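Each chain, letter by letter, is given below.
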Amino acid sequence: MVLHIPIHWSAAGRSVALVSCMALGGSLLSAAATTSAAGAVDAQQLSIDFSASTGKVHGGATGVLYGLSDDEVPTTAVVAGAAPRTVTQMPEGGLQHPNGGALSVSDTFFSAGGDDIYINIQDYYPKWGYANAEDPQNTYPGQADFLAKVRTVVERVARDADPDALDRYVFTPFNEPDWIWYGNWSASRERFFADWEAAYRLIREIIPGARIAGLGEANYNRQRLTDFMTWAAERDVLPDIMTWHELDKGDLATFSDHLEHFRALEESLGLPETPVNVTEYSPWRSDTGVPGRMIRWISLFETHKVDAEVAYWTAAGNLSDHTSRTQGGNGAWWLLKWYGDLTGETVEATPPQPETPDTLQGLAALDDDRRTGTVLFGGTGSPVTVDVEGLDPSVFGAEVDVRLERTRFTGQEGLGDLPTTLSVERARLGADGTLDIDVPAGTEMDAYRLTITPSADGPVATADVPWSQKTEAESMTLAGGARVATQSGTYATSGGQDVRGLSTSTARLTWDVDVPAAGTYRLDILYGTGTNVPGQPRSRTSGRHALYVDDRLDQVVQYSSTLGDTYKGRVGVLVDLPAGASTLSLRTSADGGATALPGSNLAIDVVDLVTEGGPETSTYPASSARTTGKATVLPTDGGRLHLSPGARAEFFVVAEEDGYYKLQVDTGVAGGSGAYDLAVDGREIPGATSPTGRDGRTTATIHLGRGMHQVHVTARQRLGVDELRLIRDAASDVHATTVQAEHPSVVRSAGATVETPPAAAGSNVRGQFVGWLTAGRTITIPRPAGVEPGAYDIGVTYANADKFTGHPYNADIISRRADIREEGAESTSTVAYQHTYSDYNFWTRTTPLALTTRSGGIVIGNPAGDAPNIDAVTVAPFVIDVRNEGR
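Notes on the structure in this doc start here. Each chain has its residues counted from 1, following the order in which its sequence is written. For a predicted model such as this one, the threshold for reporting local features is a pLDDT of at least 70, and the threshold for listing and counting side-chain atom pairs is 80 or more; totals across whole chains, interfaces and linings nevertheless cover every residue. To obtain the side-chain values, all non-hydrogen atoms of the structure were used and water was disregarded.

Attention now moves to the pattern of salt bridges. Two side chains that carry opposite charge are able to pair once their charged atoms sit near each other. We count a salt bridge whenever a side-chain nitrogen from Lys or Arg sits within 4 Å of a carboxyl oxygen from Asp or Glu. Taken as a whole and assessed by the stated rule, the structure comprises 60 salt bridges. With a closest N to O distance of 2.7 Å, Asp401 and Arg426 form a salt bridge. Placement of the pair is Asp401 in strand β19 (residues 399–407) and Arg426 in strand β20 (residues 420–428), with a sequence separation of 25 residues. Notably, a salt bridge pairs Asp881 with Arg883, separated by 2.8 Å at the nearest N-O pair. Throughout, exposure labels follow a simple rule: accessible area from a 1.4 Å probe, protein chains only, divided by the maximum for the residue type, with under 20% read as buried, over 50% as exposed, and the rest as partly exposed. We classify Asp881 as partly exposed; its relative accessible area is 26%. Each of Arg640, Asp666, Asp695, Arg697, Asp722, Glu723, Arg725 and Arg887 takes part in salt bridges that share partners, so that together they form one network. Numbering goes from the N terminus for both helices and strands, where a helix is a DSSP run of H or I of at least four residues and a strand is a run of E of at least two.

Now the structure itself:
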């Protein structure tokens, strides 16, 4: 049986955009455009054999180096969704980086379900190259100095770590010893052996049975490894986990040989297989944060059943370029989440060129218990045929439902909304459980998930995909000095090019659109901010552009600062358009070219025009939930998830903005009615009940911060769960009170001052802000009227540009902290506020707080250090309403 997903092409100005009810692809697809004009192009074939198991899903390919920077940075929900098994962090108290101490992030990581925290002991040294502060970089300090630091690091873990989690820390004595201290192997081999043995025995002396990882080399070196393993086996100082790095694009093709050599070496020495963790992988920022490129690495390491950690090229605390601010994930985060969802066993997946850079790659898994086959793939701009065989009729029946989803590159900083369901089709299996699925061309930055289940009762679900048109900036008409810039493979850029040179008041980008109906559309813009606020090198401009429709000023687009012009963010604005053709233009001036808008010298990568179909709504079928305890999906029961008493379903939902949402949970019980436990980010929502009968619905109106949230549905008795929905409820925002920090009602302690951003910053501040909140200084927000005791969200709109300078390539950004407390109450919430790239670029971080008095104000400050600049504070009841009803 062959499934063909329908598609058609439409010319739009100078771009070629893919437009249909499937909303696939975009204007950067030159190959696809040629296909439309010149005839069919052969599809890339990805072959999946579900009858050929390759072992249990390992799930270790998405670890991260310095993925966390502080407690709840990123949040537990973001980490749990991405599901890294391992992270490598700095020793607590280390000096190499400003944050990311292993003990500081342990609560978040372990609460999110992580397994092991590796500690790079050498990162205790202050200077890159692992030297003391007074020494030149890469100065070997001598064994005595090194062992003193080993003792300090390991003793602190032994003293301060949770005793029940002590065995979850892994010590790495050396990181990249082939680059640092021991580069000349013939001259330094014996010294390295002596240092390794001394460190190994000291670690085990302090924590008997501690796990030790090594060698941790920057490159796989056969001779060094052979010498070391032979010697270490004789001395009984072998590492418990073998580590090395795969940091070049070409390592996609060479890793298999490296692993094969290592396994053969173990066999020749009579050793059992050692677990392997590739503790750094991916080349610079070209792949991190890009779904279609990350799937190549994930499929590689999952195929070989090893752990692997994405390299730390940018900053701690962003899951190696997979988050959007503290509480959100980007488009590639969803790929990590999909990978974390896999259960059962992996099966044979054969792309056209296995383990080859810049090509289509994928992996597949089969869960017989859940009767689900899943394929993850991406990395090509060509059409793809997924050639499936081996679907067991005793598991899947004769007919299956096939769901195809896509997640796209949203920039490293752009929030990734729920992946688009491109199609849901029902098909009869061919002989030997065969099925071919034709996927139209996308981009090599896209990743896809294909889910196959037995056909459910009732009609096939529909894929209501909004119309969209994607246009690369380099395909637009440019004027006023705007120019196309080709980005090297070092950075992730849609289509490999973006537009720069927006440094004059007459610079502009113009393109044509052709929309199917009059209405409101969302224009998403991928961009990077590259200029600093004059005289303030640590603050990036936020920036503004004027959006013109048919040569008429429509609005001024406000951007948010990013790390740099090659580190992309995403902003969305609403625009009303008539049916048919219109011309859009982004300009550096809103007054006809007389004056440039502040911060308008940005890099523009790509724009996407999407139908805005009413309130933000996202749907999460229960069949895709992660589960614990006894849980069964029954396609013959409409795909319902059945939870036994005590079993739990876990969902990850995304809120695209701060505010109130209706969380709807569709459930049913076998007879009568039954309460169940509903929680969001660990906070209970009381009163959830499945009413009498099969079809019930709980609707909870709750406040959510922008980003990802973890929802748990836990059965008290046998419970059927169908799906979750999240619907924006802007009308309920009246329940939240926002107070501007500069308002006269706000009490500011001595020294805290009201500030106005410099005009050149292009700041997104609302009015003014309060700064100079140094140690001990506070602001007190008066108790809003009607705020009774209960559970609240406190949203602090803040800016922070602190940095720890000196590292040659990492950003070394620093979180500022603030205590939030209620006057007259004893409890205090300490919150880490992540770097926002500018003292004048404001984000909102939402944190829970239980209010216990009836009149106490909200006090915010840092008793021991600098708090962030504060623009506004929002006080919002967490739960407004809970209703249970039939449906």
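Here we take up the nonpolar core. To form a nonpolar core, buried Ala, Val, Leu, Ile, Met, Phe, Trp, Tyr and Cys residues must be joined to one another through side-chain atoms within 4.5 Å. By size, the foremost hydrophobic cluster in this structure holds 121 residues, and its most contacted members are Phe301 and Phe651. For this core, the element with the most residues is helix α5 (residues 185–206), which contributes nine residues. Here, residues are in contact when the closest pair of their heavy atoms is within 4.5 Å. Leave out the neighbours within four places in its chain, and Phe301 touches Ala61, Phe255, Val278, Tyr281, Val306 and Ala308. Core analysis: the second largest hydrophobic core is formed by 32 residues, Val796, Tyr798, Val831 and Ile860 among them.

So, about a negative patch on the surface. Negative charge collects at one region of the surface, where Asp71, Asp107, Asp162, Asp164 and Asp167 lie side by side. Following the sequence through the fold, Asp107 ends up in helix α3 (residues 106–111). Patch members must show over 30% relative accessible area and no salt bridge, and they are joined within 9 Å when carrying like charges or within 5 Å when they are nonpolar side chains of Val, Leu, Ile, Met, Phe, Trp or Tyr. To be clear on the numbers: accessible area is Shrake-Rupley with a 1.4 Å probe, and residue cover counts the displayed protein chains and nothing else. Just so you know, the count uses Lys and Arg for positive and Asp and Glu for negative, and it drops His and the chain ends. All charge positions are set by atom: Lys at NZ, Arg at CZ, Asp at CG, Glu at CD.

Relative to the 32 Å expected for 22 residues at 1.5 Å per residue, α5 spans 30 Å between its end C-alpha atoms, a close match to the ideal helical length. At every residue, the bend is computed as the angle between two fitted axes, covering the seven residues ending there and the seven beginning there respectively. Of all the bends in α5, the greatest, near 30 degrees, is centred on Arg191. Those residues of α5 lying buried are Trp185, Ser188, Phe192, Phe193, Asp195, Trp196, Glu197, Ala199, Tyr200, Leu202, Ile203 and Ile206. Elements in contact with the buried residues of α5: α4 (143–160), β8 (169–172), β9 (211–217) and α6 (222–235). Here the expected length of a helix is defined as 1.5 Å per residue gap, with one fewer gap than residues.

Attention now moves to the sheet that holds strand β10 (residues 241–246). What the eight strands build is a closed barrel, ordered β5-β6-β7-β8-β9-β10-β11-β12; its pairing is parallel. Ignoring which end each strand starts from, the neighbouring axes of this sheet average 25 degrees apart. Strand direction decides the pairing type here: β8 and β9, joined by two bridges, are parallel. The residue of β9 that forms the bridge with Val170 is Arg211. Here, any two strands with at least 2 DSSP bridges between them count as paired. Every angle, taken between N-to-C directions, lies between 0 and 180 degrees, and every axis is a line fitted to C-alpha atoms, over only the stretch in contact when it is a helix.

Just distances and angles here, no functional claims.
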